[in-house]
Every structure is written in structure tokens, then in C-alpha cells.
Amino acid sequence: MKRKISFRLNDQPVSLEVEPHWTLLRIIRQELGLTGTKEGCGEGECGSCTVLLEGKAVNACLILAMNVVGKAVTTIEGIAKNGQLHPLQASFVELGAIQCGFCSPGMILSAKALLDRQPSPTEEQIRFEMAGNLCRCTGYAKIVEAIQAAAEVMRGDRDE
Amino acid sequence: MKKFQYHEPKTIAEACSLLSELGDSARLLAGGTDLIVRMKKGLLAPEHVIDLKLLQELNYIQETEAGYTFGALTHLASIVEHTGLKERIPVLASSAATIGSSQIRNLATLGGNLCNAAPSADMAPGLLVLAATVKIVGPHGSRNSTLEDFFCGPGEVDLARGELLTEVTVPYPAVGCRSLYLKHGPRKAMDCAVVGVAAALVLEESTRCCKSARIALGAVAPTPVRMREVENHLEGKRLAEISHPGLARLVQMGIEPISDVRGSAAYRQEVAAVLTLRAVNSLMNGKER
């Protein structure tokens, strides 16, 4: 039996009817049509379904839709502002941290959660925080560089 | 995932009453990082899921005069990040940091890690060496238990029908106590422990003699285990007086590892001894995690 849930998605109020066994990932992609968030493993191991729940990185594939009632969810579609890419999106593009792009939304959101909390992470801290996001293409080096570059921008060290 | 009847109790009493009524046909949902995974893989198909999300009064870390108390729904991420805890009982924060990933730790709960009762549960060894106790609430009231007694077997804890783990209490370690948790596995993250070792030692300042030792191992027995023979062997000794083969033998006699996908029993025997020695060495040389 379906239940009605309401929550905030990318700063907008959203209401829909869900089955209790539907995951957040399913409703984001199917009911709400936002396909930037990807399903890689469906088991919380790969991180390609990473979204932000109240600003914290979580695996949408492990969360029941019923569990975000009244909360704020951010997907990759929600971090550009006024048509301008978020510094992380821009740096991923500029520094070649994207090859096939499948892991990128999850990577960027995990990195955003990190930088919003810890504006000057060391490389070790970056790698630790990003451990839940797998990439088969890049070998991670460019991803780390892109995160460091975006951190600089976000700290306002460079003119932007 | 198969469909299920979904319940969201508003109080602990309601949760206990549902558990009593539904028994084995129900599973409790806390963070979901164990339950949802198994349900998606088809390993579990409960008819009823009791979601504890509304019981946010069970989500807390409280510093008291005697130590710390944790609500069962405390997220592992909160334990990793708690500044007071990192200072006063660092082994708990460092144990939590070895579990999963940031995403998992933002969802996973302390109660879930303990009640899931994997022999490799990473929060267990640190809590065991600190003599943690647990509070259990049921339809007939509440009771306490040592964490050691709480673990009964792989995936089994001492919870009767209708009972719920609500709180974990950790007394402050003795002054001068040094502790750490070592987790061994093929990956630096996102893996279960092949062997886990927690050690808490109090050394005599001048002689660096071991005054008291607590050692607990994970992933090498049906439950996480305290190693009392090893502890007795260490007490009263300085580092130079500890025979490596002697200690190794005591470790190996105190565990009963199995062979599984992550390693053979023989491998675990080997690593358990090495890791315990490493932990003891590290602590007696003055390092602490």
C-alpha cells in the first residue's frame, strides 16, 4: 500500500506516493526523473548513488524513500547555482577528472560534503573521505587534484 | 527487494510491543547498511520491517562523570567526529573510522553494528577492552548486560522476543591507559576485518611494566572475544620480558577462526598472533591511536 511522503529535493518541496520498499535511489531516478544519480552496485559499495542527506554523503540505494520524510536531499542536479557550475563540477571538467563520467556525480557530491565541512583537507583526508566512491577509469589521481583545486577556489584563494 | 509491511513506531514501548507481537517475522531497521543490503540480495525477506527512525531519543552521545553513554541509534560518523570522545576514549573513534565509508558511517548505527553481531564487528573489540555494558529494554522493563555476555554467536545476541538494545555505556579508561584497534584486511577501507585486535594497557610510568592489560579479538571466533590468558601473561611484565612465541601461542589457543572467503583459519591464526604482538609492542613503546 502506497504512502505519501514529502521532503525537500534540491531546495524544492516535493511530494509523492511511494511503496515502503522503494529506495531513495529508485524514486530519484524513476519517479522524479533525475538520472544524474547512478545505480552501480545497489549495495552501498561503489558510491555512484551518493546523494547528500542534510548535507551528509549517503548511499541512496540503501535508504528507503520513507526515510527522507521532512529532510533535505541534494542530488548532482542541485549543486549548480543560477546556471553556473559548482567549483567542484568546474574543476572536474577542467582537470580531466572525468572519463566515462559514471562515478562523477557521486564523487562530486562526496567531495562537496567533505569540503563544506573541512575546507582545507590534506590529500590523505581526501582519499579517506572518498573511499566510498569507486572509479574504474581514472585511477583517482585527477579526481584528487580536482578536489584540491576546487577546495582552493572555495576557500577564495584564487580569483573566480 | 520483496515487499513488506512497514511500521514506524513513535516510542520505544511501541517498538517493543511490535517486536513482541511480530517476533521472527519482523526485522528492525536502524541505519539499513546491513539489513537493506541483505534484503536486496535476497538473503532476508522479512514480512515486517520496524523502522526505528522516529526514536531519535536514542541518537545521542553523552559525556558523564563516569564515562560515555551512547544511544543505540548513534551514527558511526558521529562517533568518528566527536571531539570529546576522540580525546578521552580515542579507540572508539578510530574503530568506527575503520568501518565502511563516509556514506556508510553517516547511516550506520552503533546499535546496528553490535546487534548484527558479525564476529568481525569493528566496534566490538574496542568496547570489550573498555568493559562496555549495554541496556536492553523490553515489554517487561529494562535490564543491563556486559557487552561480553551480549554476544552469543555469529549474528546472535542476547535479546529476547520484544527486546531492543537502547544504550551502550563505556566507563572512562584508567588514567594512563593506552589503547588502540588494529584491523587487518586486504583493503584499507570498505572491507570486513579478517582479524581485528583491540588492546588497552596501563603501564607503570617509571618501569614501563604492564600493570593491566585488556585484549579483545574480532573475526577469529563465533563472537568477538576477550583474551584473558593473554592479558594475564602480559600483566607484570616489561616489553623485553614478553616472549613472542609464548604470547603467540596464547593468542592462538584462545581463538577458533574458521576458513571463509576472506581467509583460511590457518591464515587467521597467523595474523591474530602477529597483530596482537604488534598492538602490544605499539602500546608498550608509547604509541596510541
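This text goes with the structure placed above it.
So, here is what we can say about the structure in this document. Residue indices begin from 1 for each chain and proceed along its sequence in written order. Written order determines the labels here, with chains lettered from A and ligands numbered from 1. Reporting in this predicted model follows two pLDDT cut-offs: at least 70 for local features of residues, and 80 or more for side-chain atom pairs to be given and counted; totals over whole chains, interfaces and linings ignore these cut-offs and use all residues. Calculation of side-chain values draws on the structure's entire complement of heavy atoms; hydrogens and water are dropped beforehand.

1. A closer look at the pairing of strand β13 (residues 210-218) of chain B
All names here are of chain B. At least two bridges found by DSSP between two strands is the condition for calling them paired. Only DSSP runs of H or I with at least four residues qualify as helices, and only runs of E with at least two residues qualify as strands; both kinds are numbered from the N terminus onward. When strand β12 (residues 195-203) meets β13, the two strands line up antiparallel, connected through eight bridges. Note that in β13 the partner of Leu 201 across the bridge is Ala 213. With antiparallel pairing between neighbouring strands as the criterion, β12 and β13 make up a hairpin whose turn holds six residues, including Arg 208 at a positive phi of roughly 55°. Relative to strand β14 (residues 225-226), β13 runs antiparallel, the two sharing two bridges. Directly across from Ala 216, in β14, lies its bridge partner Arg 226. Linking β13 back to β14 in an antiparallel pair, the connection comprises six residues, with Ala 219 at a positive phi of about 75°.

2. Remarks on the packing of aromatic side chains
All names here are of chain B. Here a Phe, Tyr or Trp ring, Trp counted by its six-membered ring, pairs with any other such ring whose centre lies within 6.5 Å, and the pair is stacked when the planes are under 30 degrees apart, edge-to-face when over 60, and tilted otherwise. Counted under the stated rule, the structure contains three aromatic pairs over all chains. Ring centres 6.2 Å apart and planes at 25° place the aromatic pair Tyr 68 and Phe 70 in the stacked group. For the pair formed by Tyr 68 and Phe 70, the shared burial category is buried. Considering the side-chain rings of Tyr 68 and Tyr 172, the 6.0 Å spacing of their centres and the 85° angle between planes classify their relative orientation as edge-to-face. Remark: Tyr 172 occurs in the loop between β10 (164-171) and β11 (177-184) and Tyr 68 occurs in strand β5 (residues 67-71); sequence separation between them is 104 residues. Grouping residues by exposure puts Tyr 68 and Tyr 172 together as buried. Accessibility here uses a 1.4 Å probe with only protein chains present; expressed as a share of the type maximum, an area under 20% marks a residue as buried, one over 50% as exposed, and anything in between as partly exposed.

3. What to know about helix α12 (residues 265-284) of chain B
All names here are of chain B. To estimate how far a helix should extend, the number of its residues minus one is multiplied by 1.5 Å. With 20 residues, α12 extends 28 Å between its outermost C-alpha atoms, agreeing within 8% with the 28 Å of an ideal straight helix rising 1.5 Å per residue. Turning to α12, its buried residues are Arg 268, Val 271, Ala 272, Ala 273, Leu 275, Thr 276, Leu 277, Ala 279, Val 280, Ser 282, Leu 283 and Met 284. Any two residues having at least one pair of non-hydrogen atoms within 4.5 Å are treated as being in contact. Residues of α12 that are buried in the fold lie against β11, β12, β13, α10 (228-234) and α11 (244-253). At the C-terminal side of α12, Gly 286 shows a positive phi close to 100°.

4. Topic: the nonpolar core
All names here are of chain B. The biggest cluster of nonpolar side chains holds 77 residues, and the ones touching the most others in it are Leu 92, Met 123 and Leu 127. A per-element tally of this core places helix α8 (residues 123-129) first, with five residues. When near neighbours in sequence (up to four residues on either side) are disregarded, Leu 127 contacts Leu 92, Leu 110, Leu 114, Ala 132, Leu 147, Val 168 and Val 170. Residues belong to a common nonpolar core when they are buried Ala, Val, Leu, Ile, Met, Phe, Trp, Tyr or Cys residues joined through side-chain atoms within 4.5 Å. Within the second largest apolar cluster, 31 residues are counted, among which are Leu 180, Ala 213, Val 271 and Met 284.

5. Some remarks on the pattern of salt bridges
By salt bridge we mean one thing: a side-chain nitrogen of Lys or Arg within 4 Å of a carboxyl oxygen of Asp or Glu. Counting across every chain of the model gives 18 salt bridges over all chains. The salt bridge involving A:Arg127 is made with A:Glu123; its shortest N-O contact spans 2.9 Å. Of this pair, A:Arg127 and A:Glu123 are both found in helix α4 (residues 123-129), four residues apart, which corresponds to roughly one turn of the helix. In this structure A:Glu123 comes out as partly exposed when scored by relative accessible area, which is 40%. Measuring nitrogen to oxygen at the nearest pair gives 3.3 Å for the salt bridge that ties B:Arg238 to B:Glu241. According to the relative accessible area criterion, B:Glu241 is partly exposed, its value standing at 41%.

Scope: geometric values only; no functional claims are made or implied.
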